[in-house]
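Listed here are the chains, written in short residue letters.
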Amino acid sequence: MKTPAIRLLPQNIQHWWQARKGQEGDTQPDVMGLLERKALTTVFQPMVDLRSGSVMGHEALIRVPRSLGEMTYEDLIKAAKEQQCQKEFELGCMEVAIERWLVDRPGGQLFVNFSARTLVELQEGEGIDTLLQVLRKHRLQPKRMGLDITGYTRVANILALVDALKPLRAAGMSVALDDFKVTEAGLRVWTKVLPTIVKMAARWTEKIDSNAENSAMVASLVRQAQNHECLLLAKSVEVETELRALRGLGVDLAQGFFLGSPAPDPITSLNVRARTVLGTVSI
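Residues numbered from 1 in each chain as written. Predicted model: local features only at pLDDT ≥ 70, side-chain atom pairs only at ≥ 80, totals over all residues. Heavy atoms only, no water.

## What to know about the overall build of the protein chain
Cut-off, in case you're wondering: The secondary structure listing takes helices from DSSP runs of H or I that are at least 4 residues long and strands from runs of E that are at least 2 residues long, numbered from the N terminus. Burial here depends on accessible area, computed with a 1.4 Å probe over protein chains only, as a share of the maximum for the residue type. Under 20% is buried, over 50% is exposed, and the range in between is partly exposed. The criterion used for residue contact is that any of the two residues' heavy atoms lie within 4.5 Å. All accessible areas in this document rest on Shrake-Rupley with a 1.4 Å probe, and a residue is counted as covered only by the protein chains that are shown.
Counting its secondary structure elements, the protein chain contains 11 helices and 8 strands. For the protein chain, the residues scored as buried account for 47% of the 283 residues in total. Considering only residue pairs separated by 6 or more positions, the protein chain has 67% of its internal contacts joining residues 24 or more positions apart. Of the accessible surface of the protein chain, which amounts to about 14,900 Å², a share of 51% is contributed by carbon and sulfur atoms.

Below is the structure:
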């Protein structure tokens, strides 16, 4: 009679543990509460001009507290959407980035991530001026700001996004299409939005010095950018050979570990190893 009890006990423990894990996995943080408690922090990754070797600006990246484990900013955006506060959350994150940026007041532009969905909702709701009000509150000129737009291929009406961006661009703000993938939808958005910067998806940077397919695709995107009078940026530049290849292909801007990792403080000049590659210092 004791044998069945011994066999059942581990199963019962396993079922209890799986149920507990499931409950924990379903638990979402109160995203607006994170903002109110100032639990989110910002790091800055430099965006570098490959022609001059100068730091033209930084991308602000939101970091979540360690208490949330492996949860990412993208997870928080998903939670904000489910909690029906994505618009407020994105505006709040932008303000967090601006506040930290103004501590050092570095040169160049500050780029923040903003979803196409939220931009359209602002335009159709209380007005896109809500975003500009955040800049006025902190006395930050729009020409010092750029938007890294995400999720632009999922917008049902591209013209609604174009309309939302008009007053921002008129005020002097730059517009970047983040994580650009060479798809029909992506190219359609490019030709309609006509961004200031197109940030290529990281996959095109990887081993570009030895990958003929990637090299040919980037060369094609360089021509496309020149035709539309915008700048092309390569993401995730990790090694010297990638940087040399990208510059040789005519890519305008880049960011990645080799040029500078995300850090709490913006930088004012490029590191020596990258400056050496770009020919801005003598060896």
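We are not done yet, so read on.
## Examining the packing of aromatic side chains
Counted only if it meets this: Each Phe, Tyr or Trp ring (for Trp, its six-membered ring) is paired with any other whose centre lies within 6.5 Å, and the angle between the two planes then decides the class: stacked below 30 degrees, edge-to-face above 60, tilted in between. Ring-over charges, as used throughout, are those where CZ of Arg or NZ of Lys falls within 6 Å of the ring centre and within 35 degrees of the ring normal.
Inspection of the entire model under this criterion finds 3 aromatic pairs. Between the aromatic rings of phenylalanine 44 and tryptophan 101, the centroid separation amounts to 5.7 Å while the plane-to-plane angle is 55°, which identifies the pairing as tilted. In this pair, phenylalanine 44 sits in strand 1 (residues 41-49) while tryptophan 101 sits in helix 4 (residues 86-104), placing the two residues 57 residues apart along the sequence. We classify phenylalanine 44 as buried; its relative accessible area is 1%. The exposure class assigned to tryptophan 101 is buried, which follows from its relative accessible area of 1%. Note on tyrosine 73 and phenylalanine 89: the rings are 6.3 Å apart at their centroids and 25° apart in plane angle, and the pair reads as stacked. On the criterion of sequence distance, the pair formed by tyrosine 73 in helix 3 (residues 73-82) and phenylalanine 89 in helix 4 is long-range, its members being 16 residues apart. Accessibility assignment for this pair places tyrosine 73 and phenylalanine 89 in one class, buried. For the cation-ring pair, arginine 203 lies above tryptophan 204, with the distance from its terminal atom to the ring centre recorded as 4.0 Å. Over the ring of phenylalanine 257 we find arginine 273, and its NZ or CZ is 5.0 Å from the ring centre.

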